[in-house]
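Summary of the model geometry
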Amino acid sequence: MAINEQDIQAIVRGVLQGMQTGAGATPEKKLLGIFENIEDAIAAAKKAQKEIQPMPLEFREKIIANIRKKTLENAQLFAELGVKETKMGNVGHKILKHQLVAEKTPGTEDLSTMAWSGDRGLTLVEQGPFGVIGAVTPSTNPTETVICNSIGMLAAGNAVVFAPHPAAKNVSNLAIDMINRASVEVGGPENLAVAVANPTMEVSETIFTHKDINLLVATGGPGVVTKVLSSGKRALGAGAGNPPVLVDETANIPKAAEDIVNGCTFDNNLPCIAEKEVVAVDQIADELIFYMKQTGCYYASDEEIAKLVETVFNVKDGKRILNRDCVGRSAKVLLEKIGVSVGNEIRCIIFEGQKEHPLISEELMMPILGIVRVKDVDEGIETAVWLEHGNRHSAHMHSTNVNNLTRYGRALDTAIFVKNGPSYAALGFGGEGYPTFTICSRTGEGLTSAKTFTKSRRCVMCDALCIR
Ligand code: NAD
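Anyway, here's the lowdown on the structure attached to this text. (Residues numbered from 1 in each chain as written. Predicted model: local features only at pLDDT ≥ 70, side-chain atom pairs only at ≥ 80, totals over all residues. Heavy atoms only, no water.)

A look at the sheet that holds strand β8 (residues 235–238)
What holds strands together in a sheet is hydrogen bonding between their backbones, with the strands either parallel or antiparallel. Strands sit in the order β1-β6-β5-β4-β7-β8 across an open sheet of six strands; the sheet is parallel. Looking at strand neighbours, the two that pair on one side only are β1 (34–35) and β8, the edges of this open sheet. Both strand β7 (residues 215–219) and β8 contribute to a ladder of four bridges, which runs parallel. From the neighbouring strand, V217 faces β8, where its bridge partner is L236. (Pairing = 2+ DSSP bridges. Helix = DSSP H or I, 4+ residues; strand = E, 2+ residues; numbered from the N terminus.)

See below:
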């Protein structure tokens, strides 16, 4: 069923009426933290940050605990609204992503102190807040990013002004409302997270240049990351990737096939870390394709692939650009668009091609996996480096040869490198470690958490407090 902007706003209003995030909320009540004017939003965030900073860390944790609780209670709602509004992704997987954010995003325990003590006294280096952060969020993981950013930024003592993707503004603003309700409910300030009702490029420009914004964090494609990095402010850039997965002759092939398809199809390939193409050593390539077909892959013919190229790209000024009507759609829907009807068991489209093929070399964010056959692991590493385009974002490999794994890891030089598992293991899903949906590939911080949103502050006591 086609759903338009008015429908989404009506749903959000209806949701607010009965929503678990805001007991007693009525449709007349506005969303907490959502303003008409960006100047008012920034001023409100600045005031809230001044209130939160002197409060005990324990109090920040109390607010965060309530954000976690509400996120769990509303995971399904956010997942459903996110898919409805953006028309991208998969409700079941989005529920899992919200649960992951609620349960495993680090809080204040992520902050640490360094100390020196000696004859001349005691010196501490503490991680303090920046103040008010301007955060741009994507359409691909909209509420997941808003909630995860909010927990980390608040744990570090900041308030945040969001610039959500316009195509996900309603659901993103609902998540911002939930953050503020979680704070108010336990006695904290309103407006720890804010945004405007109608985010536009002009609104983002104001955030990027505003005197009261102390740090910028951009999660999105190359355009927005370049923009914040040229703003003159300190900025963190979580940009695009095109993660290759290399399979060598020593890998457990049936398991590699299953892990790759599971990782690639998670939320219809929307996560930036997800497997976007396969590089397979010739000796095992046919076996890998056999097992990929066993686990829900449709092997497309040359003619079907040519139709897919026509469908998933639009051409503008002689340049190929992604057709937004294909991003984050399921394999079944993509195949329907080229006149191929398949059952629900089909979750991924595969084909063999050269590395330069547009469905292989470009970041699609669709469950389409091109397979590049190479003669050996050396050629495989070289091919994967080419395919990653120097984003230094994510790369994955299936192998039991530690030398091959080491050489691949060094050559790719990415923020994320998953070995022998699906890509989402990097987010703490079936792997160790914490999740985030803001992976600072361009600026090098890697997987962000509370400590990423702090500045270093040295505090020196002269000639005292050393008790050694
Ligand atoms: P997008 O670049 O279209 O939009 C991201 C955000 O940037 C949106 O809020 C958008 O409004 C804003 N924006 C875009 N161009 C802008 C400009 N010139 N000035 C100001 N704001 C601008 O991305 P999307 O389609 O929502 O998300 C997908 C892209 O983001 C992919 O390339 C993906 O790899 C990347 N991504 C990266 C990470 C990461 O952690 N590294 C996480 C999620 C998504």
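Picking up where we left off.
Quick notes on the pattern of salt bridges
Per the stated rule, a full pass over the model turns up 25 salt bridges. Between E185 and K70 there is a salt bridge; the shortest N-O distance is 2.9 Å. Here E185, found in helix α7 (residues 169–185), pairs with K70, found in helix α3 (residues 57–73); they are 115 residues apart in sequence, far enough to count as distant. Residue class for E185 comes out partly exposed when judged on its relative accessible area of 46%. (Salt bridge = Lys/Arg side-chain N within 4 Å of Asp/Glu carboxyl O. Buried < 20%, exposed > 50% of the residue type's maximum accessible area, 1.4 Å probe, protein only.)

Quick notes on the environment of P166
Following the sequence through the fold, P166 ends up in the loop between β5 (159–163) and α7. The class of P166 is partly exposed, set by a relative accessible area of 48%. Between the C-alpha atoms of P166 and M201, which are 35 residues apart in sequence, the distance is 9.2 Å. Leave out the neighbours within four places in its chain, and P166 touches E85 and P199. (Contact = heavy atoms within 4.5 Å.)

Some details on the sheet that holds strand β14 (residues 348–352)
Taken in spatial order, the seven strands of this open sheet run β11-β14-β15-β10-β9-β16-β17, and their pairing is parallel. For this open sheet the edge positions go to β11 (297–299) and β17 (416–419), each flanked by a neighbour on one side alone. Ignoring which end each strand starts from, the neighbouring axes of this sheet average 25° apart. Pairing analysis gives four bridges linking strand β16 (residues 394–398) to β17, with the strands arranged parallel. By the bridge assignment for β17, H396 is matched with V418. Of the strands in this sheet, β9 (244–247), β10 (277–281), β11, β14 and β15 (368–374) touch helix α11 (residues 282–294), which is tilted by about 135° from β10. (Axes fitted to C-alpha atoms, helices over the stretch in contact; angles between N-to-C directions.)

Observations regarding the site of the ligand
Around the ligand sit 29 residues in total, of which T137, S139, G239, E363 and I439 are the nearest. Taking G239, its main chain carries an N or O atom lying 2.8 Å from a nitrogen atom of the ligand. For the ligand, the accessible surface in isolation is 840 Å², of which the surrounding protein chains cover 88%. When residues of the shell around the ligand are traced back to their parent elements, those giving at least two are α8 (201–209) and α9 (222–229). For the shell around the ligand, the per-class residue count stands at 14 nonpolar, twelve polar and three charged. Lining the shell around the ligand are residues from two domains, each supplying at least three of them: domain 1 (5–239 + 447–458) and domain 2 (244–430). (Near = heavy atom within 4 Å. Polar contact = N/O pair within 3.5 Å; in protein donor to acceptor, adjacent residues only side chain to side chain. Areas by Shrake-Rupley, 256 points an atom, 1.4 Å probe, with all protein chains shown as cover. Nonpolar A, V, L, I, M, F, W, Y, C, P; charged D, E, K, R; others polar. Domains from an automatic or database assignment.)

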